[in-house]
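Tertiary structure, described
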Number of protein chains: 2
Amino acid sequence: MSKTAITPTRTENYPQWYQQVIIAADLAENSPVRGCMVIKPWGYALWELIQQDLDRRIKETGHVNAYFPLLIPVSFLEKEAQHVSGFAKECAVVTHHRLKADDQGKLIPDGELEEPFVIRPTSETIIGEMYAKWVQSYRDLPILINQWANVMRWEMRTRLFLRTSEFLWQEGHTAHATAQEAITETMTMLQVYHDFAKDFLAIPVIMGCKPITERFPGAQDTYTIEALMQDGKALQAGTSHFMGQNFAQASDIQFLNQQGEREYAWTTSWGVTTRLIGALIMSHSDDDGLVLPPAVAPHQIIILPIFRNAEEERLVLEYCENLKKTLVQQLFKENKLRVHIDKRDMRGGEKNWQWVKKGIPLRIEIGPRDIAQGTIMVARRDRAPQDKISMSQSELMAQCVSFLEQIQDGLLKKAQAHYANHIKNIHSLEEFEAFFGKEDNEQAQAPGFARCFIADKMEIADILKKYRVTQRCIPLNNNEYGRCIFTGQENAPIMLLAKAY
Amino acid sequence: MSKTAITPTRTENYPQWYQQVIIAADLAENSPVRGCMVIKPWGYALWELIQQDLDRRIKETGHVNAYFPLLIPVSFLEKEAQHVSGFAKECAVVTHHRLKADDQGKLIPDGELEEPFVIRPTSETIIGEMYAKWVQSYRDLPILINQWANVMRWEMRTRLFLRTSEFLWQEGHTAHATAQEAITETMTMLQVYHDFAKDFLAIPVIMGCKPITERFPGAQDTYTIEALMQDGKALQAGTSHFMGQNFAQASDIQFLNQQGEREYAWTTSWGVTTRLIGALIMSHSDDDGLVLPPAVAPHQIIILPIFRNAEEERLVLEYCENLKKTLVQQLFKENKLRVHIDKRDMRGGEKNWQWVKKGIPLRIEIGPRDIAQGTIMVARRDRAPQDKISMSQSELMAQCVSFLEQIQDGLLKKAQAHYANHIKNIHSLEEFEAFFGKEDNEQAQAPGFARCFIADKMEIADILKKYRVTQRCIPLNNNEYGRCIFTGQENAPIMLLAKAY
């Protein structure tokens, strides 16, 4: 049996494998601040690439970026009843504006604030307050603004990337003159997220509408993209909310319409977070560590020079530098190739494994013998680590972009096949229990998605809770209705069910 | 007398002019959260361009980005005595982790934390804590990490961009095996800031060492880039700190050196903030509003189509789209030209003035008559608003990049000339008072920089306070020493003095 770089393997223990991949790729770690992670350089480089590509898509759909305050007065939060009840239990509260030394010289809070602030768990209320000032007439609409920011929701049980008290995200907040325009915006951004997940992260996602129990606090409708992880659990990868006029009323965003009448605006918000990095890991990585789709690989090609003495070093490094210069002129998805030469003084085998674990799509080894023979050894991350292809430099030049395209494409196809193999139509409670396991079965595996008629009612969540199953979404363009397997109600929509992160 | 777009003008009231430029260009505004600003899309676009260019320079000098927690346990802050006394008086303190309704239904803080946190005013202590874990041996050094983040320092008197409670910045934090290497790093980043300010923002800055009274709390040496605003006041535009082993000792960052002995690391930190946007405004803008160096202009060229009916609209817009397509192929400083067509339905004159006030380097008007005559009307932001140049499309293509270069270059030269005209060698107290005014003269103008022998001692700050003058820095490569004009001490270094922001 071949040894893998990650212990335990995915089949042995998926949650522990996940933690070990993060350690092996040096992506992030827990900090001494409860629930807050440190995103290390390799993990942050993934976030930077995600930001770059998604930011371009957000701007191409007509949005601009801006920045709003980190702190939100508690009174703002109170303005929308659903919203405050959704977030009050997990807010970091700022109550003082300085520290002073007590009698023992210990620092204690001082300068109590008249009104406490919360660190933004999301920014609808503070942004709404500004929009109310900015919007007077229909001519001021739409407002199409996005913000890249940190937010904080005090979590008791955290997991790196998937659930942390502080996380990074983008939050779009738009205001419109008509309901229809706001709905169109909501769906446009859902589609942007879908395409981004598929084309950039190689993660297939299903678009759908959240059931009422899973709506964003204060939203009229919440739409989601749902991904399926390798272990059969679903993961919500992004959301887009149609707020109706709820937040416009709470923040008093009114405008004079073309008829000269005062109306409340219609608003939306939409966001994705650093959680996407968790989704990325659990979509593609294997028992040797991280596997990165080339689009999101900080280095797409790593060059590993091999030499035993100073003369060989000079020869090999010069060759590598020239190779790199030529490679970076090529384009992958309209960007110049990202190529890195690892010159560190370190055992070749160890070095090679480090880059395997970091998920680099193509590894190239160059030694004096290769140079003499005019060959280059290329290893693809989507093949076994030992599987190396010998080729000439001109063959490499001709094929490297196509290799990267094959890897990007192959990862998506593999994830799509996994999804197709883990979705099942369920017609009865018996089938449901055969799929997900009986009530209170803590050991039950996560089998993937079930498609099933479920009434969109409050009580459903409680029933499903006993099975540790959640309603993920009502897929878009659903035209099927039938009898709810739990309540017997007719005309229940098709709901996607799954155990989930 | 010609009317200007901004009232009051710079000579009438510089501080109010500054506020009015920000309003006219729609850069930012105060928020309902005390001391925190909202950076509006046009202002944030400036920050995005600053980030892009500076981030490239930071990476080219070998640094990588990462992200550390927003919150810092109070006990971390206490570890470095100077540091805590520098920041304790202006910290936002988080004491609770949820809200609950009181008897009247009002939300109050709940879930008191065992140990309070502060929102980072700067991240030396939390980052040091992580570095202590990451560094074991000299092989783990140097660590060269930068972070783009928001920070908070509770300010009582705030001004948009120049001094706000929350601001955006980058903070580099590096750790090294030797003092010399850390000093070299400190100076490298100072030079990066200098070059960035000069080449990108067209702001000439002086590099120097801060006097002891102006050091960053906990630093062994603080270096600064100092800029001179149009009103003769200095502005600190960036700082680079050599920490010695102070923070390594506070955070216990130790490593085994090549001889196998334990040593404390040597650390640095360096940062620039959204304050740079304030510096940008006060370096170049005029009585008609913002003036942007092309490198930092979100649109470098604005195309203003003029038409009176649907047929003209079709004709003119088609011409404008083609013109834009051709223009964006050209390069300015290795980036494609940023060109925008303003299609809004609005009076031409008003539209034109909006873009004047927003500081666009080149404005192009296109109407049916221009198309018929084969001419284009071009207006440069560094000329009078009415001053338009008529040229053919091919002339525009041949000259537009050179126009932008002239504007970028011209703004720098103008700012350099202003600096050269506002720096004076001062040899005595009499000359000092003739330059800055007598003690307690609140009306005294800011005349620029004085170069003057000043002892680098604690008491100097108090003496200068009466004149509302501050020590900006001891310029780099200073070889002149002489008699301090206040204390009479010999061998005092040349100090740059100024009234300052």
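Here the structure is a predicted model, which means the values were calculated and not measured.

**Some words on the environment of Glu112(B)**
Residues and elements named next belong to chain B. Structurally, the position occupied by Glu 112 is in strand β6 (residues 107-119). Residues Glu 112 and Val 94 lie 18 residues apart in sequence; the distance between their C-alpha atoms is 9.3 Å. Sequence-distant contacts of Glu 112, that is, excluding residues within four places in its chain, are made with Thr 95 and His 96.

**What about the domain arrangement of chain A?**
Residue and element names in this part refer to chain A. Here chain A is described as being made up of domain 1 (14-71 + 123-284), domain 2 (299-403) and domain 3 (423-498). Its C-alpha centre places domain 1 at a distance of 26 Å from the equivalent point of domain 3. Residue-level contacts link 21 residues of domain 1 with 17 residues of domain 3. Around 1,500 Å² of area is buried between domain 1 and domain 3 when both sides are counted, 69% of it from carbon and sulfur atoms. At the surface where domain 1 touches domain 3, the tally comes to one salt bridge. In this structure, the salt-bridge partner of Glu 226 is Arg 472, at a minimum N-O distance of 2.8 Å. Across the contact surface, domain 1 and domain 3 share seven residue pairs in polar contact (both at pLDDT 80 or more). Here the residues of the side of domain 1 that touches domain 3 sort into 11 nonpolar, five polar and five charged.

**Some thoughts on the pairing of strand β5 (residues 93-101) of chain A**
Both β5(A) and strand β6 (residues 107-119) of chain A contribute to a ladder of seven bridges, which runs antiparallel. If you follow His96(A) over to β6(A), its bridge partner there is Glu112(A). Adjacent in sequence and paired antiparallel, β5(A) and β6(A) are bridged by five residues, among which Gly105(A) carries a positive phi angle near 85 degrees. Looking at chain direction, β5(A) and strand β5 (residues 93-101) of chain B are connected through three bridges and run antiparallel. Bridge pairing in β5(B) places Val93(A) opposite His96(B).

**Concerning helix α1 (residues 14-25) of chain A**
Residues and elements named next belong to chain A. Between its terminal C-alpha atoms α1 stretches 16 Å, which fits the 16 Å expected from 12 residues at 1.5 Å a residue. Buried residues of α1: Tyr 14, Trp 17, Tyr 18, Val 21, Ile 22 and Ala 25, and no others. With its buried residues spanning 140 degrees around the axis, α1 presents them on a single face. Tucked inside the fold, the buried residues of α1 contact β1 (28-30), α2 (41-60), α8 (275-284) and α10 (348-357). With a side-chain oxygen lying 3.1 Å from the backbone nitrogen of Gln 16, the N-terminal cap of α1 falls on Asn 13. Phi for Asp 26, located one or two positions after α1, is positive at around 60 degrees.

**So, the packing of aromatic side chains**
When we look at a pair of aromatic rings, we describe it by the centre distance and by the angle of the planes. This model, assessed by the stated rule, comprises 36 aromatic pairs over all chains. For the pair Trp154(A) and Phe117(B), a centre-to-centre distance of 6.1 Å together with 55 degrees between the ring planes defines the contact as tilted. You can see Trp154(A) sitting in the loop between β7 (143-152) and β8 (166-176) and its partner Phe117(B) sitting in strand β6, one on each of two chains. Across the pair, exposure class does not vary: Trp154(A) and Phe117(B) are buried alike. One aromatic cluster is present, built from ring pairs that chain together Phe432(A), Phe435(A), Phe436(A), Tyr467(A) and Phe486(A). We note Lys233(A) situated over the ring of Tyr501(A); from NZ or CZ to the ring centre the distance is 4.8 Å.

The rules behind these values
- Residues numbered from 1 in each chain as written.
- Chains lettered and ligands numbered in written order.
- Predicted model: local features only at pLDDT ≥ 70, side-chain atom pairs only at ≥ 80, totals over all residues.
- Heavy atoms only, no water.
- Helix = DSSP H or I, 4+ residues; strand = E, 2+ residues; numbered from the N terminus.
- Contact = heavy atoms within 4.5 Å.
- Domains from an automatic or database assignment.
- Buried area = accessible area lost by both parts, 1.4 Å probe.
- Salt bridge = Lys/Arg side-chain N within 4 Å of Asp/Glu carboxyl O.
- Polar contact = N/O pair within 3.5 Å; in protein donor to acceptor, adjacent residues only side chain to side chain.
- Nonpolar A, V, L, I, M, F, W, Y, C, P; charged D, E, K, R; others polar.
- Pairing = 2+ DSSP bridges.
- Expected span 1.5 Å × (residues − 1).
- Buried < 20%, exposed > 50% of the residue type's maximum accessible area, 1.4 Å probe, protein only.
- Arc of directions from axis to C-beta.
- Phe/Tyr/Trp six-rings, centres within 6.5 Å; stacked < 30°, edge-to-face > 60°.
- Lys NZ or Arg CZ within 6 Å of the ring centre and 35° of its normal.

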